[in-house]
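If you want the building blocks of each chain, they are given just below.
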Amino acid sequence: MGEDGTASERYAELASAGPYGVRPGHALITMVEPHPGHEYAYNRWYEDDHYYAGATAMPWIFAGRRWVATKDLQELRYPEESAVARPVGAGCYLSTYWVTEGRYDDHMKWTVAINKRLNRDGRVYQDRTHVFTAFQDHEATVYRDGAAGPRDFHALDHPYTGLVLQVVDAEGPERRAELLEWLCSRHLPKRLKGSPAAMVTVFRPTPLPGDRMTYVKQVEGVDTRLTLLWFLQEDPRSCWERCFTGLDAAVEEAGLGRVELVAPFVPTVPGTDRYVDRLR
């Protein structure tokens with residue numbers, strides 16, 4: 001341990017070994033609902049402190065972006081009976097972070113330790129509910145325009161106008177690979193063609209460690225679930241009917257699973273309280 005208590009003499013040693021690419025091999029995707037009456041305070045805590053101290057300042061998170069669903073966007077969500085959000089409109093803030101491929105275990109050791117420290121130091125906002133929070137492994141990215149345009153590692157920095165979160169459960173663990181293949185080779189290319197969505201990233205959730213913070217519930221659907229992020233070049237409200245209705249019917253018709261959530265968001269404006277007064 002150095003004189004300043006940072007153990008900084010180990011940083012050069014740690015940096016000299018292991019993967020250090022830019023591919024988003026993993027993601028943290030977290031959808032949270034501030035408790036009524038705490039919307040402004042929660043937003044300021046997250047933007048002014050937690051987005052940095054609880055995420056992007058940590059090793060191997062190399063990009064992040066925060067999204068919000070105003071009341072009118074919440075009302076577009078489906079299905080009404082969702083295994084993810086109960087009620088389906090719960091979870092008005094979504095944060096997405098990319099983690100360097102091959103660094104999941106290293107990052108998890110740090111994030112568990114730092115969140116214990118933040119909690120101990122009174123820097124965790126308690127008046128919120130984690131509706132859908134999971135670390136996820138990257139499975140595929142499907143692009144509308146092939147090799148043209150931003151790549152998935154740019155997605156959280158490129159100024160996309162909207163994002164749609166889609167959660168799909170396969171009929172069983174043995175059918176998730178089949179569902180993934182159908183999505184990537186048939187369904188998504190067809191849906192993306194001519195749409196305002198530039199790409200869709202596909203992830204599968206991983207279990208949270210046993211020593212996670214108690215306010216974050218264990219991940220459901222680890223063996224069956226796929227999480228899709230659609231990155232949009234239009235406001236989701238302007239293209240909802242023509243592009244995002246019927247995603248549940250398409251999956252059901254294929255006989256491969258069930259859509260548990262389709263939820264649109266727009267990006268927050270960091271350092272402001274824009275949209276906070278439109279959540280309820």
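Residues numbered from 1 in each chain as written. Predicted model: local features only at pLDDT ≥ 70, side-chain atom pairs only at ≥ 80, totals over all residues. Heavy atoms only, no water.

Colleague: Looking at this structure, I do not really get the environment of H138. What am I missing?
Modeller: The topology assignment puts H138 in strand β4 (residues 128-143). As for H138 and T161, which are separated by 23 residues in sequence, their C-alpha atoms are 23 Å apart. Apart from the residues lying within four places of it in its own chain, the contact partners of H138 are R23, P24, G25, H26, D152, V202 and F203. A distance of 2.8 Å separates polar atoms of two side chains, one belonging to H138 and the other to T141. (Helix = DSSP H or I, 4+ residues; strand = E, 2+ residues; numbered from the N terminus. Contact = heavy atoms within 4.5 Å. Polar contact = N/O pair within 3.5 Å; in protein donor to acceptor, adjacent residues only side chain to side chain.)

Colleague: Even after reading the chapter, I still don't get the pairing of strand β7 (residues 225-232), so can you show me in this structure?
Modeller: Along any regular strand, the residues point their side chains to alternate faces of the sheet. Of all 8 residues in β7, 8 are buried, a share of seventy percent or more. Residues R225, T227, L229 and F231 of β7 are buried on one face, and the alternating residues L226, L228, W230 and L232, pointing to the opposite face, are buried as well. Bridge count for strand β5 (residues 162-170) against β7 is 8 bridges, and the pairing is antiparallel. What sits directly across from L163, in β7, is F231. For strand β6 (residues 197-205) and β7, the ladder comprises 6 bridges, and the chain directions are antiparallel. By the bridge assignment for β7, V200 is matched with W230. (Buried < 20%, exposed > 50% of the residue type's maximum accessible area, 1.4 Å probe, protein only. Pairing = 2+ DSSP bridges.)

Colleague: What am I meant to see in the environment of D277 here?
Modeller: Counting through the fold element by element, D277 comes out in the segment after β8 (257-267). Residue D277 is classed as exposed on the basis of its relative accessible area, which comes to 58%. On a C-alpha basis, the gap between D277 and K71 in space is 9.6 Å, while along the polypeptide they are 206 residues apart.

Colleague: Where do I start with the pairing of strand β3 (residues 93-100) in this structure?
Modeller: In terms of residue burial, β3 counts as a mostly covered element, since 8 of its 8 residues are buried. Here strand β1 (residues 24-34) runs beside β3; their pairing, made up of 8 bridges, is antiparallel. Note on β3: the bridge partner recorded for T30 is S95. Pairing of strand β2 (residues 61-68) with β3, which is carried by 7 bridges, proceeds in the antiparallel orientation. Looking at the pairing, R65 lines up with T96 of β3.

Colleague: Help me understand the packing of aromatic side chains in this model?
Modeller: Tallied over the entire structure, the rule returns 16 aromatic pairs. Here Y51 and Y52 contribute two aromatic rings whose centre-to-centre distance is 5.0 Å and whose plane-to-plane angle is 85°, an arrangement assigned as edge-to-face. Look at Y51 and you get buried, because its relative accessible area is 16%. For Y52, a relative accessible area of 43% gives the class partly exposed. The ring of Y93 carries R66 above its face, with NZ or CZ at 4.2 Å from the centroid. Over the aromatic face of Y143 sits the side chain of R151, whose NZ or CZ is 3.8 Å from the ring centroid. (Phe/Tyr/Trp six-rings, centres within 6.5 Å; stacked < 30°, edge-to-face > 60°. Lys NZ or Arg CZ within 6 Å of the ring centre and 35° of its normal.)

Colleague: Even after reading the chapter, I still don't get the sheet that holds β8, so can you show me in this structure?
Modeller: To summarise the sheet geometry, strands pair through backbone hydrogen bonds and adopt either a parallel or an antiparallel arrangement. On the basis of which strands lie adjacent, the closed barrel formed by 8 strands has the order β1-β3-β2-β8-β5-β7-β6-β4 and antiparallel pairing. Between one strand and the next, the sheet's axes are offset by a mean angle of 35°, whatever the strand orientation. Where helix α4 (residues 104-120) meets the sheet, its contacts fall on β1, β2, β3 and β4, and the angle it forms with β4 comes to roughly 165°. (Axes fitted to C-alpha atoms, helices over the stretch in contact; angles between N-to-C directions.)

Colleague: Explanation requested: a nonpolar patch on the surface in the structure shown.
Modeller: A grouping of Y11, L14 and W110 is seen on the molecular surface, where their side chains present a nonpolar patch of about 310 Å² in accessible area. With respect to the helices and strands, the residue L14 is situated in helix α1 (residues 11-15). On the accessibility criterion, L14 (47% relative accessible area) is partly exposed. (Patch = residues over 30% accessible without salt bridge, like charges linked within 9 Å, V, L, I, M, F, W, Y side chains within 5 Å. Areas by Shrake-Rupley, 256 points an atom, 1.4 Å probe, with all protein chains shown as cover. Salt bridge = Lys/Arg side-chain N within 4 Å of Asp/Glu carboxyl O.)

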